Amino acid sequence: MSGRHRVAVLISGRGSNMAALIEAAQAPDYPAEIVLVLSNRRDAAGLARAAAAGVRTAVVDHRAFTTRETFEAAIEAELIEAGAELICLAGFMRLLSAGFTERWAGRILNIHPALLPAFPGLHTHERALAAGVKLHGATVHFVTPALDAGPIVAQAAVPVRDDDDPDALAARVLAVENRLYPEALRLVASGRARVAGGVVRISGPPLPEPETAAK
Ligand code: GRF
């Protein structure tokens, strides 16, 4: 991909990653622009943040649909109307069908609060603490029909401390998520990140050293 790509961000709640993407995309040299923030929940706090930043918003309430397919068709109608070329899932708490993810293959990203393939699914911080891992973190990956299993674009790690509880660990991870997602979207939208043989290869100048933030 080249030029400035039109991105829709799908949320269900707070929207800190969405806000980080909007802020990054305000730089004129950023290769993507955020053209739509869509939530399945009308009460998602991120909607007000998006509107305050001048970004178009939409609500598609899953409860108004009897099937996943009709819910997704309504989402796709909004995506098409906004001219979205790429989708960033950012705390979007609905499972998407295989048909949807296959139609958007290579054009849909998600951020997951763990170092995949460790801890796919929910409650990642609790599970990381229970497993006693010493490094935890976040992953941005392409979305495929298999949950949290698509090709990995970028990761950032944080230390796990002995006195962490899930909230403290979540806050440390979220801080790196908010830096990671804009960098990962930059790689994809600029065409530097490409899927080959089921994994992502990054072309061009070397990336900065991986973050193992003790920040
Ligand atoms: C983040 O932890 C993200 O990794 C997960 O959901 C959370 C969303 O947070 N998928 P926010 O709404 O972006 O603040």
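Predicted, not measured: the structure shown is a model, and the values here were computed from it.

Draft legend 1. View of the domain arrangement of the protein chain. Under the domain assignment used here, the protein chain contains domain 1 (1-104) and domain 2 (112-141 + 148-215). When each unit is reduced to the centre of its C-alpha atoms, the spacing between domain 1 and domain 2 is 21 Å. Where domain 1 abuts domain 2, roughly 1300 Å² becomes buried across the two surfaces, and 63% of that area is made up of carbon and sulfur atoms. For the pair domain 1 and domain 2, the number of links is 0 salt bridges. Connecting domain 1 to domain 2 are 6 residue pairs in polar contact (both at pLDDT 80 or more).

Draft legend 2. Local environment of the packing of aromatic side chains. Taken as a whole and judged by the stated rule, the model has 2 aromatic pairs. For the ring pair Phe65 and Phe71, a centre distance of 6.0 Å and an interplane angle of 50° mean the geometry is tilted. Of the residues examined, Phe71 reaches a relative accessible area of 4% and is grouped as buried. Ring geometry for Phe100 against Trp104: centres 6.3 Å apart, planes inclined by 25°, an arrangement best described as stacked. Assessed through its relative accessible area of 6%, Trp104 is described here as buried. Geometry around Trp104 places Arg107 over its ring, the cationic atom sitting 4.3 Å from the centre.

Draft legend 3. Structural detail: unusual backbone geometry. For the bond from Leu116 to Pro117, the omega torsion is 10°, close enough to zero to count as cis. Assignment of secondary structure puts Pro117 in the loop between β5 (108-112) and α5 (124-131). Here Phe119, not a glycine, exhibits a phi torsion of approximately 55°, which is positive. In this structure, Phe119 sits in the loop between β5 and α5.

Draft legend 4. Local environment of the environment of Ala73. By secondary structure assignment, the location of Ala73 is in helix α3 (residues 68-82). Classification of Ala73 as partly exposed rests on a relative accessible area of 43%.

Draft legend 5. Molecular detail of the packing of helix α1 (residues 16-25) against helix α2 (residues 45-52). Between α1 and α2, the shortest axis-to-axis distance is 9 Å and the interhelical angle comes to 15°. On the basis of the axis angle, α1 is roughly parallel to α2. Viewed along their axes, α1 and α2 form a crossing whose handedness is right-handed. Residue-level inspection shows Ser16, Met18, Ala19 and Ile22 of α1 in contact with α2, the latter providing Gly46, Arg49 and Ala50. For the contact of α1 with α2, a count of residues per class yields 4 nonpolar, 2 polar and 1 charged.

Draft legend 6. Summary view of the side chain of Arg172. Considering the arrangement of structural elements, one finds Arg172 in helix α6 (residues 166-189). We classify Arg172 as buried; its relative accessible area is 13%. Separated by 2.8 Å, the side chains of Arg172 and Asp164 make a polar contact. Among all residues touching Arg172, those that are not within four sequence positions of it are Val158, Pro159, Val160, Arg161 and Asp164.

Draft legend 7. Quick peek at the pattern of salt bridges. One pass over the full model with this rule turns up 7 salt bridges. In this structure, the salt-bridge partner of Glu76 is Arg103, at a minimum N-O distance of 2.7 Å. Of this pair, Glu76 sits in helix α3 while Arg103 sits in helix α4 (residues 98-103), placing them 27 residues apart in sequence. Under the relative-accessibility criterion, Glu76 is labelled buried at 13%. Arg103 sits in the partly exposed class, given a relative accessible area of 46%.

Cut-offs and rules
- Residues numbered from 1 in each chain as written.
- Predicted model: local features only at pLDDT ≥ 70, side-chain atom pairs only at ≥ 80, totals over all residues.
- Heavy atoms only, no water.
- Domains from an automatic or database assignment.
- Buried area = accessible area lost by both parts, 1.4 Å probe.
- Salt bridge = Lys/Arg side-chain N within 4 Å of Asp/Glu carboxyl O.
- Polar contact = N/O pair within 3.5 Å; in protein donor to acceptor, adjacent residues only side chain to side chain.
- Phe/Tyr/Trp six-rings, centres within 6.5 Å; stacked < 30°, edge-to-face > 60°.
- Buried < 20%, exposed > 50% of the residue type's maximum accessible area, 1.4 Å probe, protein only.
- Lys NZ or Arg CZ within 6 Å of the ring centre and 35° of its normal.
- Helix = DSSP H or I, 4+ residues; strand = E, 2+ residues; numbered from the N terminus.
- Axes fitted to C-alpha atoms, helices over the stretch in contact; angles between N-to-C directions.
- Parallel < 35°, antiparallel > 145°, perpendicular 65-115°, else oblique.
- Left-handed = near helix turned anticlockwise from the far one by under 90°.
- Contact = heavy atoms within 4.5 Å.
- Nonpolar A, V, L, I, M, F, W, Y, C, P; charged D, E, K, R; others polar.

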